[in-house]
Amino acid sequence: MKARRRARRVTLEVLYEYDIVEHPPGEVLKRRLDDNQMDQAGAEFASQLVQGVISYLENMDILIARYAPEWPLDQMAVIDRNILRIAIYEFLVSDETPVKVAINEAVELAKTYGSDSAPRFVNGVLGTLADHIPELHKELILGHEDLKMAFAIE
């Protein structure tokens, strides 16, 4: 398995545990990386994804809720929700991964870890988001800055 694919899998495991039981993500990531040996680049990519997703979590959840209105976040499968978050971070925030690659990788994760309908659901939501990248990128980044400023003021 390629390093980045393995890193995404580890990221999904970390986010799943964080989402379910709120264990500290740094500790979970360290434990997962100890269990899943990978090269330095893969470990750094996993770390970047975990930190990035958690940093933008609230803003990404707003986008997910908007583009998947028939599935409220609290009723969405935890796996699906976190697969969407990873892909959204990759193509709307980090700009390191081409959109099609991020979507394909998300669909592959959904095929492996999600329900039978998960790949189609993930592909549909991400495909719709991909059609609006410029405005969503601005909204996500600006919303994140507003959120950071609100926490700094309190």
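Below or above, wherever it landed, is the structure these notes cover.

Moving on, we come to the packing of aromatic side chains. One pass over the structure, following the stated rule, counts two aromatic pairs. Positioned above the aromatic ring of phenylalanine 45 is the side chain of arginine 4, whose terminal nitrogen or guanidinium carbon lies 3.9 Å from the ring centre.

Let us now look at the nonpolar core. Counting residues in hydrophobic clusters, the biggest one holds 48 residues, and the most contacted among them are Val122, Leu126 and Leu129. Listed by contribution, the elements that provide at least two residues to this core are helix H1 (3-21), helix H2 (25-35), helix H3 (40-67), helix H4 (78-94), helix H5 (99-113), helix H6 (118-130) and helix H7 (133-153). Of the residues forming this core, the biggest block, twelve residues, is contributed by H3. Excluding residues within four positions of it along the chain, valine 122 makes contact with Ile83, Leu84, Ala106, Val107 and Ala110.

Another point: the environment of asparagine 123. Among the structural elements, asparagine 123 can be located in helix H6. A residue is classified by how much of its surface remains accessible, and asparagine 123, at 39% relative accessible area, is partly exposed. When the C-alpha positions of asparagine 123 and alanine 110 are compared, they lie 9.2 Å apart, and in sequence the two are 13 residues distant. Not counting residues up to four positions away in its chain, the partners in contact with asparagine 123 are Ile103 and Val107.

Reading the values: the criteria
- Residues numbered from 1 in each chain as written.
- Predicted model: local features only at pLDDT ≥ 70, side-chain atom pairs only at ≥ 80, totals over all residues.
- Heavy atoms only, no water.
- Phe/Tyr/Trp six-rings, centres within 6.5 Å; stacked < 30°, edge-to-face > 60°.
- Lys NZ or Arg CZ within 6 Å of the ring centre and 35° of its normal.
- Core = buried A, V, L, I, M, F, W, Y, C linked by side-chain atoms within 4.5 Å.
- Buried < 20%, exposed > 50% of the residue type's maximum accessible area, 1.4 Å probe, protein only.
- Helix = DSSP H or I, 4+ residues; strand = E, 2+ residues; numbered from the N terminus.
- Contact = heavy atoms within 4.5 Å.

Function cannot be inferred from these measures alone, as they are strictly geometric.
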